[in-house]
Amino acid sequence: MNEKWIIVLFISPFLLLQSFLLFINAKKRGAHPWFWGIWGLIQIPMPTLFYWFFIIWLPARKKGDVNEGH
């Protein structure tokens, strides 16, 4: 079997899982689920990191829910 196919078969489940989880969570939060789901299929781990930063961390910080080390 070609090395490229082995890599594709190894990485595909992670991309699908990431995409599924981003889509479900974004749908619950009303944060453009199709965008996050499709982006989650393209690469790993940047969509998850960006999602965490822009959709989870920043809004929580603006509300004051995040401990700022005090």
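Residues numbered from 1 in each chain as written. Predicted model: local features only at pLDDT ≥ 70, side-chain atom pairs only at ≥ 80, totals over all residues. Heavy atoms only, no water.

1. Points about the overall build of the protein chain
Step number 1: Along the protein chain, the regular secondary structure elements total 3 helices and 0 strands.
Step number 2: If you list the helices and strands of the protein chain from N to C, you get α-α-α.
Step number 3: For 70 residues, the compact-globule formula gives about 11 Å, and the C-alpha radius of gyration of the protein chain, at 15 Å, lies well above that figure.
Step number 4: Each principal axis of the C-alpha distribution contributes one length, and for the protein chain these read about 55 × 25 × 10 Å.
Step number 5: Expressed as a percentage of contacts within the protein chain between residues at least 6 apart in sequence, the contacts between residues at least 24 apart total 43%.
Step number 6: Of the roughly 5700 Å² that the protein chain leaves accessible, carbon and sulfur atoms contribute 70%. (Helix = DSSP H or I, 4+ residues; strand = E, 2+ residues; numbered from the N terminus. Rg over C-alpha atoms; globule rule 2.2 N^0.38 Å. Contact = heavy atoms within 4.5 Å. Areas by Shrake-Rupley, 256 points an atom, 1.4 Å probe, with all protein chains shown as cover.)

2. Considering the side chain of Ser19
Step number 1: Of note, Ser19 is situated in helix H1 (residues 3-29).
Step number 2: Residue class for Ser19 comes out buried when judged on its relative accessible area of 9%.
Step number 3: Leaving out residues up to four positions away in the same chain, Ser19 has contacts with Gly37, Ile38, Gly40 and Leu41. (Buried < 20%, exposed > 50% of the residue type's maximum accessible area, 1.4 Å probe, protein only.)

3. Thoughts on the environment of Thr48
Step number 1: Its place among the elements puts Thr48 in helix H3 (residues 46-63).
Step number 2: Considered as a pair, Thr48 and Leu21 are 27 residues apart in the sequence and their alpha carbons are 9.3 Å apart.
Step number 3: Not counting chain neighbours up to four residues away, the residues in contact with Thr48 comprise Gln18 and Leu22.
Step number 4: Within the local environment of Thr48, its side chain forms a polar contact with the side chain of Gln18, the two groups lying 2.7 Å apart. (Polar contact = N/O pair within 3.5 Å; in protein donor to acceptor, adjacent residues only side chain to side chain.)

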